[in-house]
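Structural overview for review
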Amino acid sequence: YSQLASLLRSGVPMLRSLAVIREQASNPTLTQVMDDIYVAVEDGQPMADAMESYPRVFSEMAVNMTRAGAEGGFLEDALERVAYFTEQQEDLKSRTVGALAYPVFLGSVGSLIVVALVVFFVPKFGELFETLRDRGELPVLTEWLLWLSDTLNRYWLLLLGLSFGAFFAFRVRLQSEEGRRFIDSWKMRMWLVGPIFQSLAVARFCRVLGTLLHNGVPILKSLGISREAAGNRMLSEAIEEASENITSGASLSRPLAASGYFPKTVVEMIAVAEESNTLDRVLVEVADGLEKRTARRLDLVVRLLEPIMLLVLAGAVLLVVIALLLPVIKMSSTI
């Protein structure tokens, strides 16, 4: 987007600009897409219509902003805003993934260590504790641990099959509308990370809506696009209700406040912006503020997650050790 905007702003004709971008594309798929767009534009088709044929490459927001820019005579500005928006979202996504990479790695490795202890290490103590088990003197914690180890060793194939079956059944369930609504609702209610998911969804909605309004896209069309860009069914339903209110002449802020998913400060800023006719600028500022606060909160949550996960994993290992030591201590005291 930014390359095309720079070429057009420098006075390079549209077809020549598309040809340059096509030649510079390193991805074969993107090269083919740009070649098709070049042919379509050469045949007289609007660029936005050509882009609309590739929804996996060009988002609905990019298509509508390109169309609005072409019709309003500010195509270069529209393309630059799409590039800036895309860069912001990719940067936020990469920071989120990077922050969560270490806790996920730590949890995965720790879980494998605990499972390995239970499956391979605990069975070696089974015969040693048979005497206590026959007397009925084996501690309950040790009995449970031996039962878990024996079950995993005997039925690991069945348990693995059931786990995969449950996983695929859960995935199929998530593909339904009801399943997606449940997950989206559950994500915002999660302990510690729920507010992060909610803030990110609200920030995406505000940024997309503000960017579209600034580039001349009608508000109802903008709300429809930003509703999908939010990435959360619960927020989408609240935004859809707000769209119906706007159709009947009401304000945007009131139904957003009634939904309970939008922070009060955000709703107040939207209400003031509607009165002063600066909604497009204020929405982008709201998105910037939310993303900065969410990034700080994410860093804090990651810092908290690491010691919490270490404590949980250390507790699991300690539980295994205690369960194995209790019978040994009991036998030594008896001797």
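That block above? That's the structure.
Below you will find a few notes about this structure.

Calculation rules
- Residues numbered from 1 in each chain as written.
- Predicted model: local features only at pLDDT ≥ 70, side-chain atom pairs only at ≥ 80, totals over all residues.
- Heavy atoms only, no water.
- Helix = DSSP H or I, 4+ residues; strand = E, 2+ residues; numbered from the N terminus.
- Contact = heavy atoms within 4.5 Å.
- Axes fitted to C-alpha atoms, helices over the stretch in contact; angles between N-to-C directions.
- Parallel < 35°, antiparallel > 145°, perpendicular 65-115°, else oblique.
- Left-handed = near helix turned anticlockwise from the far one by under 90°.
- Nonpolar A, V, L, I, M, F, W, Y, C, P; charged D, E, K, R; others polar.
- Core = buried A, V, L, I, M, F, W, Y, C linked by side-chain atoms within 4.5 Å.
- Buried < 20%, exposed > 50% of the residue type's maximum accessible area, 1.4 Å probe, protein only.
- Phe/Tyr/Trp six-rings, centres within 6.5 Å; stacked < 30°, edge-to-face > 60°.

On to the environment of Arg 9. Of note, Arg 9 is situated in helix H1 (residues 2-9). Sequence separation of Arg 9 and Asp 77 is 68 residues, and the distance between their C-alpha atoms is 9.0 Å. Residue contacts for Arg 9: discarding those within four places in its chain leaves Glu 76, Asp 77 and Glu 80.

Moving on: the packing of H1 against helix H6 (residues 75-121). Two elements in contact, H1 and H6, have axes whose closest approach is 8 Å; the angle formed by their N-to-C orientations is 155 degrees. As the angle between them shows, H1 and H6 are arranged roughly antiparallel. The handedness of the crossing between H1 and H6 comes out as left-handed. Residues Ser 2, Leu 4, Ala 5, Leu 8 and Arg 9 of H1 touch H6, and the partners they reach there are Leu 75, Glu 76, Asp 77, Leu 79, Glu 80 and Ala 83. Considered class by class, the residues forming the contact of H1 with H6 number six nonpolar, one polar and four charged.

Core analysis: the biggest nonpolar cluster contains 29 residues, and Leu 4, Leu 18, Ile 37 and Met 51 have the highest contact counts within it. Sorting the residues of this core by element identifies H1, helix H2 (14-24), helix H3 (28-42), helix H4 (47-52), helix H5 (60-72), H6 and helix H11 (194-214) as the ones contributing at least two each. Per-element accounting of this core gives the leading share, six residues, to H3. Sequence-distant contacts of Leu 4, that is, excluding residues within four places in its chain, are made with Met 14, Ser 17, Leu 18, Ile 21, Met 47 and Leu 79. Grouped together as the second largest cluster of nonpolar side chains are 28 residues, Leu 252, Leu 256, Leu 283 and Val 286 included.

Time to look at the side chain of Ser 17. Mapped onto the fold, Ser 17 is located in helix H2. According to the relative accessible area criterion, Ser 17 is buried, its value standing at 0%. When near neighbours in sequence (up to four residues on either side) are disregarded, Ser 17 contacts Leu 4, Leu 7, Leu 8 and Val 12.

Let's shift gears to the packing of aromatic side chains. Under the counting rule described, the total for this entry stands at two aromatic pairs. Ring geometry for Phe 167 and Phe 168: centres 5.5 Å apart, planes at 70 degrees, overall edge-to-face. Exposure remark for Phe 167: the relative accessible area of 43% places this residue in the partly exposed category. Classification of Phe 168 as partly exposed rests on a relative accessible area of 47%. Plain terms: the ring middles of Phe 205 and Phe 262 are 5.7 Å apart, the flat faces sit at 75 degrees to each other, and that makes the pair edge-to-face. On the criterion of sequence distance, the pair formed by Phe 205 in helix H11 and Phe 262 in the loop between helix H14 (253-259) and helix H15 (264-276) is long-range, its members being 57 residues apart. For the pair Phe 205 and Phe 262, a shared accessibility class is recorded, and that class is buried.

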